[in-house]
Amino acid sequence: FLLFPPPASSNSLCSFSLRNMFKDRVEHIQKLATVMKHCLKSSDSALIDGARTVAELDESKTLGVLRRAVRSVQSITQVYDESFWGVVEALSEAGELIGFLNEVLGEEDVRHFTASAEAFGFDTYVATSSQVNALIFVHTFLKPLLEDNAHPNLEGFLSAVWNRYNLERGSNEHSTNTPQRSLVNVINECTHNLSQLQRFVDTLGDRGAAEREKIRAIMEQSNSEVTFTCNTLKQTSGFKVRVTIRGKTSFFNEQQIFDLRSRACLLSNSEDGDLKQLMIRFRGIVERIEEVKEEMDSLARSGHLCEFLNNPKRSCPIDIQ
């Protein structure tokens, strides 16, 4: 499949009629050149020049000029098939992701991220396991291609991506999913969830930051709920906090909440005003939970289990009034 099908042998107007059909693809080429400029030794490119001629047609350009531009682009891109242009489009829309991969992750081996995501448990609310695995895949695929000045020009970059893409396609030729669909999907997944992935990487090596994000999740989710339980043998009550984020429910027991309060005490001195107020609010809520727990303890000790079960505070929003 060609970027531009060949014009009729004696009909230059064919090139003009095809211009609008492929305008989006030309725009992807131009955007890709901007996104990848750090790894191109030269901005000079016959492909870009030809694409610009096609995309920016004006009255000063004759049909002959347009036909030559189409054929120039055609000669450079004729090796690439339809599926590859899906990859080009995804990369052209992934400017912030490319910057993140190139500047933040650099040469780091990110394969351990999967194990880290599983170990962090609830901390990974900032990025799902699927998103983390997509980041690993994209990083592994693009890492050799993103070095500064690694390619002579845009044509060189496209050729390198094409070769690597075909290697990946060959290694997955028996897969039930087509390689193009898989690669495009993971690039788009990373692009659309970049903020979550950035927060995951930021908190990965900082347990304090991970606990801060737990507190933030509890406080910012409107569905956060505290539920009290009764131990009739010990005549005491207990509680747990439930938080649901993107369909995933997590629970915090008493000790975990008290540990988070200790962290909140330290963060209450933060110079970040918003963070400071959030931590103060969390400490106040935990204090209120303790007060309600004392009430529940009294009911548990009294033996009036019915009154305990019917108490409206037994299960209520985290921001207890």
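Scroll up to find the structure this text is about.
Residues numbered from 1 in each chain as written. Predicted model: local features only at pLDDT ≥ 70, side-chain atom pairs only at ≥ 80, totals over all residues. Heavy atoms only, no water.

### What about the packing of helix H6 (residues 95-105) against helix H8 (residues 129-142)?
Each pair of packed helices gets described by two things: the angle between the helix axes and the distance between those axes.
Phase 1: The contact between H6 and H8 brings their axes to 11 Å, and the two run at 75°. By the angle between their axes, H6 is roughly perpendicular relative to H8. Listed contacts from H8 to Leu97, Ile98, Phe100, Leu101 and Leu105 of H6 are Leu135, Val138, His139 and Leu142. (Axes fitted to C-alpha atoms, helices over the stretch in contact; angles between N-to-C directions. Helix = DSSP H or I, 4+ residues; strand = E, 2+ residues; numbered from the N terminus. Parallel < 35°, antiparallel > 145°, perpendicular 65-115°, else oblique. Contact = heavy atoms within 4.5 Å.)

### What to know about the pattern of salt bridges
Phase 1: Under the criterion given, the structure shown has eleven salt bridges.
Phase 2: Residues Asp81 and Arg169 are paired through a salt bridge, measuring 3.0 Å at the closest nitrogen-oxygen approach. Here Arg169 lies in helix H9 (residues 154-171) and Asp81 lies in the loop between helix H4 (63-77) and helix H5 (82-92), a separation of 88 residues in the sequence.
Phase 3: Classification of Asp81 as partly exposed rests on a relative accessible area of 23%.
Phase 4: The class of Arg169 is partly exposed, set by a relative accessible area of 21%.
Phase 5: Across the salt bridge formed by Arg212 and Glu213, the nearest N and O atoms sit 2.9 Å from each other. (Salt bridge = Lys/Arg side-chain N within 4 Å of Asp/Glu carboxyl O. Buried < 20%, exposed > 50% of the residue type's maximum accessible area, 1.4 Å probe, protein only.)

### Remarks on the sheet that holds strand E4 (residues 315-317)
Phase 1: One open sheet holds the four strands; their spatial order is E3-E2-E1-E4, and the pairing between them is antiparallel. The outermost strands of the open sheet, each flanked by one partner alone, are strand E3 (248-253) and E4. The sheet shows a mean angle of 25° between the axes of neighbouring strands, taken without regard to direction.
Phase 2: Pairing of strand E2 (residues 236-245) with E3, which is carried by six bridges, proceeds in the antiparallel orientation. When the sheet's bridge partners are listed, Thr244 is paired in E3 with Thr249. (Pairing = 2+ DSSP bridges.)

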